[in-house]
Amino acid sequence: MKALPKLILTLPLLAAIAGCIGEPDKPQRRPTEAARPAITVPSPQARQCMATLGSQHAVFSPVADRYYGSGCSTVGTVKLSALNTDSSTVSVTNLGPVTCTTATPFAAWARFGVDRAAQQILGSRIISIETYGSYNCRNVAGTARRSGHATANAIDVSGFVLADGRRVSVLDDWNGGSPAERRFLRVVHESACKRFGTTLGPDYNAAHANHFHLEADGKSFCR
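Residues numbered from 1 in each chain as written. Predicted model: local features only at pLDDT ≥ 70, side-chain atom pairs only at ≥ 80, totals over all residues. Heavy atoms only, no water.

### Let's talk about the packing of helix H2 (residues 44-55) against helix H3 (residues 100-122)
Working step 1: Across the interface, H2 lies against H3 with an axial gap of 9 Å and an inter-helix angle of 20°. On the basis of the axis angle, H2 is roughly parallel to H3. The element H2 and its partner H3 pack so that their crossing is left-handed. Seen from H2, the contacting residues are Cys49, Met50, Thr52 and Leu53; seen from H3, they are Cys100, Thr101, Ala103, Thr104 and Ala107.
Working step 2: Residues that form the contact of H2 with H3 fall into these classes: six nonpolar, three polar and no charged. (Axes fitted to C-alpha atoms, helices over the stretch in contact; angles between N-to-C directions. Helix = DSSP H or I, 4+ residues; strand = E, 2+ residues; numbered from the N terminus. Parallel < 35°, antiparallel > 145°, perpendicular 65-115°, else oblique. Left-handed = near helix turned anticlockwise from the far one by under 90°. Contact = heavy atoms within 4.5 Å. Nonpolar A, V, L, I, M, F, W, Y, C, P; charged D, E, K, R; others polar.)

### Points about the state of the cysteines
Working step 1: In total, this model carries three disulfides according to the counting rule given.
Working step 2: Across the disulfide from Cys72 sits Cys137; the S-S distance is 1.9 Å. Handedness here is read from the sign of the S-S torsion; for Cys72 and Cys137, about 80°, the answer is right-handed. Taken together, the residues Cys72 in strand E3 (residues 72-74) and Cys137 in the loop between strand E7 (126-133) and strand E8 (154-162) connect sequence positions 65 residues apart.
Working step 3: According to the relative accessible area criterion, Cys137 is partly exposed, its value standing at 34%.
Working step 4: In this model Cys193 forms its disulfide with Cys222; the gap between the sulfur atoms is 1.9 Å. On the sign convention where negative is left-handed, the bridge of Cys193 and Cys222, at about 65° about the S-S bond, is right-handed. Here the residue Cys193 occupies a position in helix H5 (residues 179-193), and Cys222 occupies one in strand E12 (residues 221-222), the gap between them amounting to 29 residues.
Working step 5: The disulfide pattern of the protein chain is 1-3, 2-4, 5-6 when the bonded cysteines are numbered in sequence order. (Disulfide = S-S within 2.5 Å. Buried < 20%, exposed > 50% of the residue type's maximum accessible area, 1.4 Å probe, protein only.)

### Topic: the environment of Gly177
Working step 1: Along the chain, Gly177 falls in the loop between helix H4 (170-173) and H5.
Working step 2: Given the relative accessible area of 8%, Gly177 is considered buried.
Working step 3: Excluding its chain neighbours within four sequence positions, the residues that come into contact with Gly177 are Asp172 and Arg182.

### Description of the side chain of Ser158
Working step 1: Its location among the elements puts Ser158 in strand E8.
Working step 2: Ser158 has contacts with Glu130, Thr131, Tyr132, Ser169, Val170, Asn210 and His211, leaving out every residue within four places of it along the chain.

### Some points on the packing of aromatic side chains
Working step 1: One pass over the full model with this rule turns up six aromatic pairs.
Working step 2: Members of the aromatic cluster, each reached through a chain of ring pairs, are Phe106, Trp109, Phe160 and Phe184.
Working step 3: Geometry around Trp174 places Arg186 over its ring, the cationic atom sitting 4.0 Å from the centre. (Phe/Tyr/Trp six-rings, centres within 6.5 Å; stacked < 30°, edge-to-face > 60°. Lys NZ or Arg CZ within 6 Å of the ring centre and 35° of its normal.)

In structure tokens, the structure reads:
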């Protein structure tokens, strides 16, 4: 029975020693391939489209493919920073990822359909195209059908800024602008109809009173 106090005294000492020793150092683990961010390789069709877009002197960067579920995605998209026309660089405002197949006719439209019309009709080149964006996971208004915006395949254009400081907007000038401004907006709308599958404007319905909806969907619908 005399050995018991020694045992009681020994146990805390052993615990303290064990606590000081701790576990042996573990080797550092390098991130595995699965832990690294996935790199999306554009499809051959996307690469060809981006080559065409580059040949139009558009300033852009590819965007990694993303799937959001419920029929919404940004696949084969680019981020447009600027467009080059015959004699100037045009900025694009508020534009998120947009499919390359929509960005390509958009770049051509800005150069040949918008900038040249602005110079001929309004006497000034454009320096900016204002938009309400591209990608938006939503349905066509009043329906259960996904909008072209749900796959970043459409751009909503709201207005244009000219080098002389003027701003021409779809909402204010489609019907309320000067004769030259009204003519300009109708000319660029008609030009868009030749480049995009679906082109919608103020004469289509009230939902488009303030913008042009430009969508490269392979259809032929111009309103």
